[in-house]
Amino acid sequence: KNEVEQSPQNLTAQEGEFITINCSYSVGISALHWLQQHPGGGIVSLFMLSSGKKKHGRLIATINIQEKHSSLHITASHPRDSAVYICAVRDYGGATNKLIFGTGTLLAVQP
Amino acid sequence: NAGVMQNPRHLVRRRGQEARLRCSPMKGHSHVYWYRQLPEEGLKFMVYLQKENIIDESGMPKERFSAEFPKEGPSILRIQQVVRGDSAAYFCASHDRGLFSTDTQYFGPGTRLTVL
């Protein structure tokens, strides 16, 4: 079983829909990241969370440390949001800050 | 302030050749991570380096792979005698571990290695 699980693996939405991507993890963490990767492209860090909720534009990320669960929400989705969204956790207590990644959620937003 | 730079962006090698991947961290960052993304798989940690030091190489294959981050110049990930299974996207990330660091890792655009 992977230490970081994401769901769904694939998601197709119509433009304007509210989207939720979920991430569950089984290890102790010091922080959780949400990353965005466009096909064939680089990786952009969207959020880093250790508690609560963060909002940036149409994106909202929440984390529940007790339940070891995080969600990424996209409001009023747009075709340009189409990308792979990756959840990654930072190993707790590790001096290295290395990240453990989920396998990603491929989002396609259709016009 | 330029972001993390990686070159080349695409690299083609024949089996048995050497591949050298370069990563220049963001200005002021002295910590570099290398991650590998195999086709149809998630990203996996390979190695964590500070200037002139390897801090954690627990994700590096035991043979053929090495990494360095010299005092001057970019970090280098070196793969000797490449095999088809080395074909992947290799990402570098950097961050600052100073007193006011956010610990956010900034990713480069990646190098896509194809082994023929």
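Visitor: Sorry if this is basic, but what is going on with the overall build of chain B here?
Guide: Within chain B one finds 0 helices and 11 strands. Mapped from its N terminus to its C terminus, chain B presents α and β elements in the order β-β-β-β-β-β-β-β-β-β-β. Taking 13 Å as the expected radius of gyration for a compact globule of 116 residues, we find that chain B reaches 14 Å, a close match to that expectation. The principal-axis extent of the C-alpha atoms belonging to chain B is close to 45 × 25 × 25 Å. Considering chain B as a whole, with its 116 residues, one finds that 46% of them fall into the buried category. Accessible area for chain B stands at about 6,100 Å²; split by element, carbon and sulfur atoms hold 47% of it. Once the 17 positive and 12 negative side-chain charges of chain B are each reduced to a mean point, those two points are 7 Å apart.

Visitor: Would you mind showing me how to read the environment of Ser50 of chain A here?
Guide: Residues and elements named next belong to chain A. Residue placement: Ser50 occurs in the loop between strand E5 (43-49) and strand E6 (52-56). Ser50 sits in the partly exposed class, given a relative accessible area of 46%. The sequence separation of Ser50 and Ile100 amounts to 50 residues, and the corresponding C-alpha distance is 15 Å. Excluding anything up to four places from it in sequence, Ser50 contacts Ser30, Ile63 and Ile65.

Visitor: Sorry if this is basic, but what is going on with the nonpolar core here?
Guide: Burial of nonpolar side chains together is a common tendency in soluble globular proteins. With 24 residues, the main nonpolar core has Leu32, Trp34 and Val89 of chain A as its most contacted residues. Every element with two or more residues in this core is listed here: strand E3 (19-25), strand E4 (29-37), E5, strand E7 (59-64), strand E8 (69-74), strand E9 (83-91) and strand E11 (105-110) of chain A. Apart from the residues lying within four places of it in its own chain, the contact partners of Val89 of chain A are Val4, Tyr25, Val27, Ile29, Ala31, Leu32, Lys98, Leu99 and Ile100 of chain A. In terms of nonpolar packing, the next biggest core, distinct from the first, is built from 23 residues, Leu21, Val32, Leu113 and Val115 of chain B among them.

Visitor: Even after reading the chapter, I still don't get the pairing of E8 of chain A, so can you show me in this structure?
Guide: One face of the sheet, then the other: side chains in a regular strand alternate in exactly this way. Residues and elements named next belong to chain A. Across the 6 residues of E8, 5 count as buried, placing the element largely inside the fold. Pairing analysis gives 6 bridges linking E7 to E8, with the strands arranged antiparallel. Across the sheet, residue Ile63 finds its bridge partner in E8, namely Ser70. Taking the residues that link successive antiparallel strands as the turn, the E7-E8 hairpin has 4 residues, and the phi of Lys68 there is positive, at about 55°.

Visitor: Explain the pattern of salt bridges to me, please; I cannot follow it from the model alone.
Guide: Under the defined criterion, the tally for this structure stands at 5 salt bridges over all chains. The residue Asp56 of chain B makes a salt bridge to Lys98 of chain A at a minimum N-O spacing of 3.6 Å. With one member in each of two chains, Asp56 of chain B in strand E6 (residues 53-56) and Lys98 of chain A in the loop between E9 and strand E10 (99-101) form a pair that bridges those chains. Here Lys98 of chain A falls in the buried class, since its relative accessible area comes to 18%. One salt bridge in this structure joins Glu18 of chain B and Arg20 of chain B, with 2.9 Å as the shortest N-O distance. On the basis of relative accessible area, Glu18 of chain B is assigned to the partly exposed category, the value being 30%. One network of salt bridges, with partners in common, ties together Glu18, Arg20 and Arg78 of chain B.

About the cut-offs
- Residues numbered from 1 in each chain as written.
- Chains lettered and ligands numbered in written order.
- Predicted model: local features only at pLDDT ≥ 70, side-chain atom pairs only at ≥ 80, totals over all residues.
- Heavy atoms only, no water.
- Helix = DSSP H or I, 4+ residues; strand = E, 2+ residues; numbered from the N terminus.
- Rg over C-alpha atoms; globule rule 2.2 N^0.38 Å.
- Buried < 20%, exposed > 50% of the residue type's maximum accessible area, 1.4 Å probe, protein only.
- Areas by Shrake-Rupley, 256 points an atom, 1.4 Å probe, with all protein chains shown as cover.
- Lys, Arg positive; Asp, Glu negative; His and termini not counted.
- Charge placed at Lys NZ, Arg CZ, Asp CG, Glu CD.
- Contact = heavy atoms within 4.5 Å.
- Core = buried A, V, L, I, M, F, W, Y, C linked by side-chain atoms within 4.5 Å.
- Pairing = 2+ DSSP bridges.
- Salt bridge = Lys/Arg side-chain N within 4 Å of Asp/Glu carboxyl O.

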